[in-house]
Structure formats: structure tokens, C-alpha cells
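Architecture at a glance
Each chain is listed here by its residues.
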Amino acid sequence: MSVNGRTYERDVEPRMLLVDFLRQDLDLTGTHAGCEHGVCGACTVLVNGRSLRSCLMFAVQANGASVETIEGLANADGSLSILQECFHDHHGLQCGFCTPGMLMTLTEHLRENATPDEQELRVVLTGNLCRCTGYQAIVEAGLDAARRMRAKKEAAE
Amino acid sequence: MSEKYFGASVKRKEDAALLRGKGKFVDDVKLPGMLHACFVRSSSAHAMIRGIDKSAALALPGVIAIITHDDLPEPMRSRRLPLYVPNPNMKQVFMPCVLADGETVFVGEALAIVVAESRYIAEDAAALVIVDYEDLPAIVDPRDAIADDAPLAQAGAKNNIVCNVPVRFGDTDAAFAKAKHVFRESFFMHRGGPFFMECRGVVGQWDASAEKLTMYASSQGSHRFKRTFVDLCDFDENQVQVITNDVGGGFGPKGSFYVEYAAVAAASMLVGRPVKWIEDRRENFVATQQERDQYWDMEVAADEYGKLLGLRGRLLHDGGAYVTWGLVLPWIAATSVIGPYVLPAYHLDLVVVMTNKITCSPVRGAGRPQGCFVMERMMDRIARELGLDRAEVRRRNFIQPAQMPYNIGLTFRDGKQAIYDSGDYPLSQQMALDHTNYPAFEERRKAALREGRYIGIGTANAVEGTGLGPYEGATIRLSTSGKIVLYTGATPQGQSHQTTLAQVAADHLGVSYEDIRVVTGDTNSIPFGMGTFASRTAVNAGSSVHLAGIEVATKIKKLAAELLEVSPDDLELKNGGVEVRGVPEMRKSFRELANISVGLYGFSMKGDRDPGLEATSYFKPEQSTYANSCHVAEVEVDIETGHVQVTRVLVNHDCGRVINPLIVNGQIVGGVAHGIGNALFEHLLFDENGQPLTTTLGDYLIPMATDVPNVDVIHTETPSPLNPIGVKGAGEGGTIAVIAAIISAVENALTPFDAKLTNMPIMPEQIVRIVNGTNKIAAE
């Protein structure tokens, strides 16, 4: 499979979860396992562009797929992406454990929805639990990221 | 010193790593040769263990060891976990063994630890371990525990009562005798558990050649964990190092030392390799401590104006199977009832019982929400009975600013008289009411009702004892590399200590907060620490940083003054060095000074210099400092489904001086979300045999993004006179009063149905029952 643009080939047990494969075999520990039953969303990654729970998917099911994780979000020069930057600016994370899932879910949504409103983002985020922030700063970060992405696009045009 | 960073909403130092997926959580630790553990847990709430058959499990390839109580190394085997919060009122104390010894007293108790090459294999093996139980009757409901013929929660107990002690002041009999009004209420309050997103976990590494134990732990205080290892194994202080890096939330129960941690250490000692155990979410629901249940039967006495004359009754607290937290939680609840109000007389019989459920631990708020709920519900009851506005009843009862410091007449959890040090409670409520246009709400409510919508408003006030002792420390060191490092035992779980403590230090040292490296939670970096709980870090660690910062700055100036041949008073710390004020070319860099300060090999030390430029301070508060808040909540209730939507929350919080508004407001908003869960969603259920029924995040609901409104946070700011930086705690203030405010708002919304709510959480089925239980037409 390809993870963040890099190709990996491994033999894995059929029952190995994707989240464990990423964390243990590939040492990509940015993806977190929070509940292992598909509710909390901390383990959310993008598989072929779609957000999925890596705790509900076997690694072998991702054979040949293109996987994106939090480690792949920053820009090529190492600087934070617009969404990451907005989380920083709005205090969108406290303990940081749910953050990988929040970032991946919002990354997917903002790619396809340039002008989200608050309620829309709240509904999108219902699949990701956070116990620290009360979500407010995460939603603000998502809205601000959409604004900055639009501004950047306009500037480029 | 000018204040550049103290008080500024600077962005967090923690974020750079966490946003890139480069955090260091305990499950990210990977050591050479590391094995993986899982636990065989009790499936019975109360039973004698007749035998544990490991043979089939041991035959599984990849299984290294299966350890039960008898296999533990001495002296751990013959010890129980130490009780660190003793209280003379406790009549009997039961503490857990590291692995159950013959009797198990709750579902989820650790019976054996399985060590294997992978977690997958360890779990396979655990399923093959056969435990022979002889079931005993289980005590599930604390109300059943106090009956004379109740079965015993612990085989060796006299009865199920841990404590039965009055908490009181004033003459309640006289107060009730003269009262114009007496109202009686029974309250049930359930506070669920922490449900941090990162479950618990430890990695243990025993180095037999050095006889040293290294533990990586997801904790709220690595020094407290270290102390338990020292006490359980008769180590000396230098044989144990506990390291807590990033922690995915704590909320109280990660401050407890659990038997699993000692079992992992024992496993590493016995197998000679590092061992990792990461709790899964099901274990988290059965084996991480919870706050759960309190029953309060109360009477309030009031005069004709609605002013309080007395409060009396009984608090029955479910302590769970072991009392590892002593009386801490119910004691805080009992003393938090008084809140911001003048109460002339109080008598509460505090009864704590053992049950066959996981041990009770403080969770964010730690009894304060329950105490607040009792008083605020009574305020609403008085208002209703006397036909007064709810906020007006509160206004009539407030302690006035001129009465500060105000001794409420009780001993608080810190062992000192509860003396409120500062606060302006009338102003706090007035500001909150003004911001929410409270007086206009009744018209809005009636207008909504005409459209068939049920909206309500509620308000609640709380005073919270924060900044508990005994101390927290900080060392600030100027390294010979010129870098400034700050070490503290205050271990964060998202509260941003690395940023806020650096802000406090930076102003003293003339550098940016970003230039200070903050090391938290490594027991090798500072000898003593207590950790993060009871909204105490800003008060204790913040003050220590402040004091250590002053001392280091003074030392730096003294050395530079000698070298530059000027008076220290003419110097200022600036841009990573010291310079003569107005003469920037007369300057010594931190690096140069630090190198001079450590001396030259073999040469005599100059003058009266001590080696190094560093200072350690342990701030020891003389008593708790009392923060306060006023919460206003608005809700809309769907009477068909019973769904409650919280539509607005405003918090007026007073934590004294605010070190970083961005971060403090984040704490308040997050705390509100936790309180919304307590008010409306979170309930841990058990069947009559003590089997937990809520063991997934699908059964036990914590608030989602759509359940939490945008929260408005404002501040009154009355600096605490009890510490040098004037701060009070802020970590729990968002949670405490919002529960009472929301439930008051729900009751207000259900006025047409004459709802009287005396419990938390309020679930949809209860609302539907209330709505269905009346024939009253929904119109006024």
C-alpha cells in the first residue's frame, strides 16, 4: 500500500488491524486508537481519499490502496498545512489525542466543500469525539481554514 | 520586570509536535525486546476465586508468562496498595492487592497478567485462562449497602460502611424551628467516568543489572506513581524513574495509581524484558475508576424573604469496592454545598459505603458539581414556592465582597478551614444576567410556547476550592548551552503547562516563552512533585516558577554585575543575555555566564559563587484559593422525543489573574462540554448482579460536536491574595455549575408540565414520562 505517497510492502497476519499496522509495523504513531469499536474517530485515516476508521479495517483490506495519515498533512517544506495552522491559531487541540482524526475528517470535507457553515462542520465532526475542547475551537479552526483556503485559491487565480 | 507574556493569549508550544503526529504518548513507546500484556479480569462482581488454570493459555506459541497473585515478587505479593489520603473518620479501609488474592470484588478486577510477544497473542491467551469462581452476593445499589442484613461487599468487612460522620456548623435545630419555610428534596446524582480519549497505559522496564525500574505512564502525576513503586517494592528513590510524556486526557482518574501498573512492573521483573500494557476501551469501562452515584436527602429552611436559615440531611456516597481515594470526593461534595451563599447552619450526615463496583475516583469537578446541584436546586425550589425570580433568590443570599475573607465554618479537603479568600459573587451573577439578557427571557419563553416550542433558562453559581497543596515545585536552570530549561512535577494532560509556565518564567528572564524548554512529568528532573489535579497547577507550579524565576534572574544579575563591574540594579535581562541598561554593548550572554558559573576544572571557585545558575522553588499554599463562577444556560426541549438541545451557555468565571486567556477559555469551554454530558447523557449502568451494562462509547454517550453550543466566556477578576501571582484554578470551573444550570433550564422549559427535576443526568425517557404524565395543556 501507499502511505502518504510512500510505498510499503509487508506480509501481515490477516487479522492485523490497519491502525496497528500503521502504528506498529510502519511506526506511524500519529494515528491513535481510542476505542477500537469505531465510535471515537481518533483513528480516522483517508483510504483512497475517503475517511475510514482504521480500527475497523484490516490492513490487508488496504492492499494496493493509497492511505493518508496525519504525518502526511504538512507541506513539503515541513510547514503546517492551512488546517493545521488554524488548529494552532484557534487552540483547536488540548491533549492532542483526538487531533489526528479531527484533522483527517476535516481535510476530507474541506477538499470537497469550500464554503462550509458552522452547523455543517459540527455534523461532519459527530464521528469524532473530543473530551477536552468542547469542539468550539475545532469548528472555528475548520471555518477559518476554509476561509484561508478560499483566499489562497483566489490569490492564485 | 515588565509583564509581556503573563496575561497574553500566546499560542501553544505543545502544538507543533501534536499537529504533525509527532506526539509522544505512552503507546508510542517502543523499546527493544518489548513484550505486550493484557489482563485476565474478573467476570463476577463478588466471588471467591477457587483456582486459575493457565495450562491451555501457556501452551499457546508466543506466550511468555501468565502471572497471578502467588507469582508476584516479594514484597509486592504480600502488600496492598498504600492509602495516601487517610482520614480518621474512616472506620474500615480495604485496599487492593496487585492481583486479586482469593477474593474478587468487582467485575473487571485484575486476576492475572498475560505477557506475550504481541497483544494479539496475549488476548488469545487471556481468553484461554480458566477461572473457577464461587459467586457471592454482590452489593450494587449503595442504598442496599446500609441495611442491617446487607450482604458484605468485602468478605472481611464488619459491614459496608466506610464512614458515617457529621459535617456541620451552626444550630440547625434552632434554624429549622424558627423557619417560615421548610422544603424537603431527595436528589440522585450520577457523574459517570472520565472517558478521556487515550485509555490508560504503561510500559515497564526493569534493568536487573542496575536494579532500576523505568516506567512510562499515562498519568496525572509521575511522582505519585514513583512513590507507590518505592513503597510497594521497598526501593530507594533512585531506583525508580517514572516518565510521563504526552497524555491524552486525565480528568481525575488518571491520577490514581492502579494495580495494573504494579503488575506490569512485576511482569518486567519476572520475565526480564520491557512490557507494555495499553488499556482497551472495554477495559476502560470496567477497570478505570469512575465517580458515579450520590443520594442526598435534604431539607432547607428559609425565611419569608427566601433567605437561607439552615440546610440539613444525609449524603449517601457509593465508594465502590476499594477506598483508594479515602473520603476526598464526598468530603469535597459536602463542603461545596455552601457555594457563594450565606448559610447560618448546616448539618450533613456523610455516609460512605462500599459496593461491588469499580472504585470511585474524583472526576473533573470532584464532588463540587453535586454540592452545587443540591444548593442550586434548593434555590430554585425556594423561588418556586415563594413566587420569586430564581436569580433574585440567589441575589438575596450572596456573601458580599465586603465579607471577604469569609469563613464558611467547615474544614475543606485540604485540612484547613474553608475560608474564601476573594471573589465578588453578586457582580459575577449580575454580569452573567446582563450578558444573556436574562430578564427578557420569560417573554421569549412564552412567545416560543405559543409556537409550540419549549425553551428554558437556568442559572447556577459555584465556589470551588482550587490550588490544593501541599506544594508543587519548579527548577529553572540556565544550561551551559545558553538554553533555559524549566522542570516541574506538574504533569499535564492537555492543560498547556509547557506554554503557560514558560509564560510566567519568560517575563523574569527577558526571553520569549518559546525559548524556554519545559520538562514535565519526569521524576529524574525534579525530586518532588504532586501532579495535576484539583485545578492546582497554575496556583502551585505557576507560583513556584514565578519564585524560581526571580531567584535565577537575581543570580544571573549578580554574576554579570561582578564580571561587568557594575551594580546588579543597573542590569536588565534581555534577548538571551544581561546588559547594562542603556548600554547594550556592555553585555554578557547567558551561555557565557552559565559556563563561568560552573567553574574551571581544578581551579578554585571565585568569590562566594555557588556552582550553576539555577533555582528550585516549592510553593506551599497556606490554604486553597476559592475560584467562582456563574453559569447561564438556555435549552430547547423536544417534548415528542425528550431530546434536550443546549442552545446557549454563558460562563462568568473568576480565576483571579489569567495567565493566558486563550488557554483558560479553552479549559472553561471544554469543562462545559463535560458538564453537558453529566447533565444529559452520561450514565454508567449495572445490572442487579453488578455486571456493567455500558461498556462501549455506543452505550455510554459523551457529547458530540452537535450537542455542545458555542460557549460565551467572560471573567470577573479578583486576584487571590494567597499566592504571588494572584491566580486561582480554572480547570474545573467550566463543569461544576453548568449541570445545575442546564437542569434548571430544562425544568423551566417544562413549566407547562410542572416538572420538578431532582436528578442528573436527565435522560429523554424521563422527559417523555413527565410530558405524558400530565393532562395539562401546554399553554399559559
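Just so it is clear, the model here is predicted, and its values are computed rather than measured.

Turning our attention to the overall build of chain A. The number of helices and strands found in chain A is 5 helices and 5 strands. Reading chain A from its N terminus to its C terminus gives the helix and strand order β-β-α-β-β-β-α-α-α-α. Relative to the globule expectation of 15 Å for 157 residues, the C-alpha radius of gyration of chain A, 15 Å, shows essentially globular dimensions. Taken over the C-alpha atoms alone, chain A extends approximately 45 × 35 × 25 Å along its principal axes. Considering chain A as a whole, with its 157 residues, one finds that 58% of them fall into the buried category. Restricting to contacts in chain A with at least 6 residues of sequence separation, those with at least 24 account for 59%. Total accessible area on chain A stands at roughly 6400 Å², and carbon and sulfur atoms take up 47% of it.

What follows deals with the interface of chain B and chain A. Where interface size is quoted, it is often the accessible area lost as the parts come together. With 53 residues of chain B at the contact, the number on the chain A side is 48 residues. In total, chain B and chain A occlude about 4200 Å² of area from one another, counting both sides; carbon and sulfur atoms represent 55% of this. Summed over the three residues of chain B that lose the most area to chain A, namely B:Leu19, B:Tyr120 and B:Met197, the buried surface amounts to 20% of that side. On inspection of chain B and its partner chain A, the count reaches 6 salt bridges. A salt bridge links A:Asp27 to B:Lys30; its shortest N-O distance comes to 2.7 Å. Breaking the side of chain B that touches chain A down by element, the ones donating at least two residues are helix H1 (15–19), helix H3 (119–128) and helix H17 (661–680) of chain B. Across the side of chain B that touches chain A, the residue classes tally to 24 nonpolar, 15 polar and 14 charged.

Attention now moves to the environment of B:Tyr471. All names here are of chain B. With respect to the helices and strands, Tyr471 occurs in the loop between strand E18 (454–466) and strand E19 (472–478). Once the C-alpha coordinates of Tyr471 and Thr537 are considered, the two residues, 66 residues apart in sequence, prove to be 9.6 Å apart. Those residues in contact with Tyr471, other than ones at most four positions away along the chain, are Phe528, Gly529, Met530, Arg536, Asn540, Tyr618, Phe619, Lys620 and Pro621.

A word on the domain arrangement of chain B. All names here are of chain B. Examined at the domain level, chain B breaks down into domain 1 (15–21 + 469–619) and domain 2 (412–461 + 626–780). Taking both partners together, domain 1 and domain 2 bury about 1200 Å²; carbon and sulfur atoms supply 66% of that area. Remark: the boundary between domain 1 and domain 2 carries 0 salt bridges. At the junction of domain 1 and domain 2, the tally comes to 4 residue pairs in polar contact (both at pLDDT 80 or more). Elements represented by at least two residues in the side of domain 1 that touches domain 2 include exactly helix H14 (497–509) and helix H15 (537–564). Residue composition of the side of domain 1 that touches domain 2, by class: 7 nonpolar, 10 polar and no charged.

So, on to the domain arrangement of chain A. Residues and elements named next belong to chain A. Here chain A is partitioned into domain 1 (2–72) and domain 2 (82–156). Computed over C-alpha atoms, the centres of domain 1 and domain 2 are 21 Å apart. Contacts between the two partners involve 19 residues from domain 1, matched on the other side by 16 residues from domain 2. Across the domain 1 to domain 2 interface the summed buried area is about 1300 Å²; carbon plus sulfur atoms make up 54%. Looking only at domain 1, the three residues that lose the most surface to domain 2 are His32, Leu46 and Ile70, adding up to 34% of its buried area. Our count for the domain 1 to domain 2 interface comes out at 3 salt bridges. One salt bridge in this structure joins Arg50 and Glu108, with 3.2 Å as the shortest N-O distance. For the pair domain 1 and domain 2, the number of links is 8 residue pairs in polar contact (both at pLDDT 80 or more).

Bringing the nonpolar core into the picture now. Of all hydrophobic cores here, the largest spans 172 residues; its most connected members are A:Phe87, B:Trp296, B:Tyr346, B:Tyr420 and B:Ile742. Those residues in contact with B:Ile742 that sit more than four places away from it in its chain are B:Ala633, B:Val635, B:Val646, B:Ile676, B:Ala679 and B:Leu680. Membership of the second largest hydrophobic core comes to 44 residues, among which are B:Ala490, B:Leu509, B:Val539 and B:Val578.

Below, the discussion takes up the environment of B:Ile476. Residues and elements named next belong to chain B. Along the chain, the position of Ile476 falls in strand E19. Classification of Ile476 as buried rests on a relative accessible area of 1%. Linking Ile476 and Val598, residues 122 residues apart in sequence, is a C-alpha distance of 15 Å. Beyond its immediate stretch of four places on either side in the chain, Ile476 contacts Ile484, Val485, Leu486, Ala505, Leu509, Val545, Ala548, Gly549, Val552, Leu613, Glu614 and Ala615.

Residues and elements named next belong to chain B. Spatially, E4-E2-E6 is the arrangement adopted by the 3 strands of the open sheet, whose pairing is antiparallel. The strands lining the two open edges of the sheet, one partner per strand, are strand E4 (103–104) and strand E6 (130–135). Bridging between strand E2 (residues 47–53) and E4 involves 2 bridges; their strand directions are antiparallel. Across the sheet, residue Met48 finds its bridge partner in E4, namely Glu103.

All names here are of chain B. Enumeration according to the criterion identifies 69 salt bridges over all chains in this entry. For Glu747, the salt bridge goes to Arg377, with nearest N and O atoms at 2.7 Å. Highlighted residues: Glu747 in helix H19 (residues 738–749) and Arg377 in helix H10 (residues 368–386), separated in sequence by 370 residues. Each of the two residues, Glu747 as well as Arg377, counts as buried.

The rules behind the values
Residues numbered from 1 in each chain as written. Chains lettered and ligands numbered in written order. Predicted model: local features only at pLDDT ≥ 70, side-chain atom pairs only at ≥ 80, totals over all residues. Heavy atoms only, no water. Helix = DSSP H or I, 4+ residues; strand = E, 2+ residues; numbered from the N terminus. Rg over C-alpha atoms; globule rule 2.2 N^0.38 Å. Buried < 20%, exposed > 50% of the residue type's maximum accessible area, 1.4 Å probe, protein only. Contact = heavy atoms within 4.5 Å. Areas by Shrake-Rupley, 256 points an atom, 1.4 Å probe, with all protein chains shown as cover. Buried area = accessible area lost by both parts, 1.4 Å probe. Salt bridge = Lys/Arg side-chain N within 4 Å of Asp/Glu carboxyl O. Nonpolar A, V, L, I, M, F, W, Y, C, P; charged D, E, K, R; others polar. Domains from an automatic or database assignment. Polar contact = N/O pair within 3.5 Å; in protein donor to acceptor, adjacent residues only side chain to side chain. Core = buried A, V, L, I, M, F, W, Y, C linked by side-chain atoms within 4.5 Å. Pairing = 2+ DSSP bridges.

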